[in-house]
Amino acid sequence: MASAHRATARATLASLRRQIASIEQSAPARATGAAGWSGARDGEHATLLATGMEAFDRETGGIALAGLTEIHAREARDAGLAAGFAACLLSLAGAPAFLARDPVLWIGTPGAFAEAGVPHGRGLAGFGFAPDRLLTVESKRLADALWVAEEAARTRGLAATVLDMRGNAKAFGLRETQRLARRAQASGRPVFLLRQSAQIEASAAPLRLVVEGTPSAPAMVLAGTAHARAVPGGIGPPGFAVTIEKNKVGPAGRTHRMHWSGHERIFFTERTGGRRERPAAEPATGTVVGFPGGTAHPGAELSLSGDGPDRARPPRQDMASGEN
């Protein structure tokens, strides 16, 4: 009998080891650090989404494109921030083709849309999200919303499924998130669970983010050019303070501040001024001409190309030093 028990124990241990190995193989790997996708080299079967924020991607390993990710808003007033952050992820430049092509199903559980408002395609367009890709469902019963979410999560015809919930429902817990996570892994499509005004509870999601507001980046005139300048008092691209509350592949607890350019569809830090790094402008060619104060000299003949004479050129005064 003892040998039989030992054999059974060894078989059970071997089974557990196989399950652990299977789970570890599906765990997110480190992200590339550049905005877009990583993992499998086929865009239709990508496994991770990198935001382009190096520190954030290094710590989280990237956003799972075949799994469940939680995005929390601690207060109802921040529900729009959580929705906007999800929209940014769904329209990130360099993302797999399906994420920018296929429709997104946004499911509202009872009370979610009543407090935070219904997601509107034209409103999300400011984040770079195509309005015609948005499909919304509002259910009167939580059970119906969960059924729709599970069926949508297993569908490869959708770019992503967003389940928008308010508060902590007794009928929604660890088991329900496990079902959503398994269906997302099987279909290779992401599921985003948005929780507004909810307490943190057990979940199968490997990554949980808490999104709060942060001051917007400066508004820029002629953004993207060498002569761009900030507009005093202007409101520029929106900002997000994203705290990694739960993380299965790295450290948790750190808050990352990032801004979003809806035009370029990229995240950036405020230090970059809302645009990508670009090479310095080429120096201007030709002759530098100084104009005197008042009216131009009637006989002045100016050469802008440097090919002709520079006659009757008035002395140029240094306004800072007063010297000629």
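Residues numbered from 1 in each chain as written. Predicted model: local features only at pLDDT ≥ 70, side-chain atom pairs only at ≥ 80, totals over all residues. Heavy atoms only, no water.

A closer look at the confidence of the model for the chain
Next up, step 1: Mean pLDDT over the chain: 76, with 65% of residues reaching 70 or higher.
Next up, step 2: This stretch, residues 272-285, has a pLDDT under 50; its non-local contacts, to residues over four places away or in other chains, come to 19 contacts. (pLDDT = per-residue confidence, 0-100. Contact = heavy atoms within 4.5 Å.)

Some thoughts on the pattern of salt bridges
Next up, step 1: One pass over the full model with this rule turns up 12 salt bridges.
Next up, step 2: The partner of E151 in a salt bridge is R154, with the nearest N and O atoms 3.5 Å apart.
Next up, step 3: On the basis of relative accessibility, which here comes to 31%, the residue E151 falls in the partly exposed class.
Next up, step 4: Judged by relative accessible area, R154 falls into the partly exposed class, the value being 47%. (Salt bridge = Lys/Arg side-chain N within 4 Å of Asp/Glu carboxyl O. Buried < 20%, exposed > 50% of the residue type's maximum accessible area, 1.4 Å probe, protein only.)

Describing the pairing of strand 5 (residues 104-108)
Next up, step 1: The buried fraction of strand 5 amounts to five of the five residues, a majority that puts the element mostly inside the structure.
Next up, step 2: Going residue by residue along strand 5, you find V104, W106 and G108 tucked away on one face and L105 and I107 tucked away on the opposite face as well.
Next up, step 3: As paired strands, strand 5 and strand 6 (residues 134-138) are joined by five bridges and run parallel to one another. If you follow I107 over to strand 6, its bridge partner there is V137.
Next up, step 4: Of the strand pairs in this sheet, strand 5 and strand 7 (residues 160-166) are connected by five bridges, and their pairing is parallel. Each bridged residue has a counterpart across the sheet, and for W106 the counterpart in strand 7 is V162. (Helix = DSSP H or I, 4+ residues; strand = E, 2+ residues; numbered from the N terminus. Pairing = 2+ DSSP bridges.)

Some points on the nonpolar core
Next up, step 1: I71, F85, W106, F240 and F267 are the most contacted members of the largest nonpolar core, which has 41 residues in total.
Next up, step 2: Here the element with the most residues in this core is helix 3 (residues 79-90); it accounts for eight residues. (Core = buried A, V, L, I, M, F, W, Y, C linked by side-chain atoms within 4.5 Å.)

With respect to the pairing of strand 7
Next up, step 1: Within strand 7, six of the seven residues are buried, which leaves the element mostly enclosed by the surrounding structure.
Next up, step 2: The sheet contact formed by strand 7 and strand 8 (residues 191-196) spans six bridges and is parallel. Across the sheet, residue M165 finds its bridge partner in strand 8, namely R195.

So, the side chain of S91
Next up, step 1: Its place among the elements puts S91 in the loop between helix 3 and helix 4 (97-101).
Next up, step 2: Aside from chain neighbours lying at most four places away, what touches S91 is F127, G128, F129, W260 and R265.

A closer look at the sheet that holds strand 12 (residues 239-247)
Strands belonging to one sheet form pairs held by backbone hydrogen bonds; the direction of such a pair is parallel or antiparallel.
Next up, step 1: One open sheet holds the nine strands; their spatial order is 6-5-7-8-4-9-12-13-14, and the pairing between them is mixed. Each edge of the open sheet is held by one strand with a lone partner, namely strand 6 and strand 14 (266-268). Across this sheet, the average inter-strand angle for adjacent strands is 30 degrees, counted without regard to direction. (Axes fitted to C-alpha atoms, helices over the stretch in contact; angles between N-to-C directions.)

Considerations on the environment of R74
Next up, step 1: Relative to the elements of secondary structure, R74 occurs in the loop between strand 4 (68-73) and helix 3.
Next up, step 2: Sequence separation between R74 and I200 is 126 residues, and the spatial gap between their C-alpha atoms is 9.3 Å.
Next up, step 3: Sequence-distant contacts of R74, defined by excluding residues within four places in its chain, comprise S197, V210 and E212.

Thoughts on the packing of helix 7 (residues 142-153) against helix 8 (residues 174-187)
For any two helices packed against each other, one specifies the crossing angle of their axes together with the interaxial distance.
Next up, step 1: Closest axis-to-axis distance for the helix 7/helix 8 pair is 8 Å, and the angle between their directions is 25 degrees. Considering the angle they form, helix 7 stands roughly parallel to helix 8. Here helix 7 contributes L146, A149, E150 and A153 to the contact with helix 8, which in turn contributes E176, R179, L180, R183, A184 and S187.
Next up, step 2: Partitioned by chemical class, the residues of the contact of helix 7 with helix 8 number five nonpolar, one polar and four charged. (Parallel < 35°, antiparallel > 145°, perpendicular 65-115°, else oblique. Nonpolar A, V, L, I, M, F, W, Y, C, P; charged D, E, K, R; others polar.)

Thoughts on the packing of aromatic side chains
Next up, step 1: This model, assessed by the stated rule, comprises three aromatic pairs.
Next up, step 2: Their ring planes at 65 degrees and their centres at 5.6 Å tell us that F85 and F240 sit as a pair that is edge-to-face. Here F240 lies in strand 12 and F85 lies in helix 3, a separation of 155 residues in the sequence. Here the two residues F85 and F240 agree in accessibility, since each one is buried.
Next up, step 3: Taken together, F85, F240, W260 and F267 form an aromatic cluster joined through their ring pairs.
Next up, step 4: Cation over ring: R189 sits above F98, and NZ or CZ is 3.8 Å from the ring centre. (Phe/Tyr/Trp six-rings, centres within 6.5 Å; stacked < 30°, edge-to-face > 60°. Lys NZ or Arg CZ within 6 Å of the ring centre and 35° of its normal.)

Brief notes about helix 8
Next up, step 1: A rise of 1.5 Å per residue sets the reference length of helix 8, with its 14 residues, at 20 Å; its end C-alpha atoms lie 20 Å apart and thus fit the reference within 8%.
Next up, step 2: Burial in helix 8 covers these residues: E176, T177, L180, A181, A184 and S187. Around the axis of helix 8, the buried residues are gathered within 135 degrees of arc, so they sit on the same side. Residues of helix 8 that are exposed and point over 90 degrees away from its buried face: R175 and A186.
Next up, step 3: Elements that come into contact with the buried residues of helix 8 comprise strand 4, helix 7, strand 7 and strand 8.
Next up, step 4: Looking at the residues trailing helix 8, positive phi occurs at G188, about 75 degrees. (Expected span 1.5 Å × (residues − 1). Arc of directions from axis to C-beta.)

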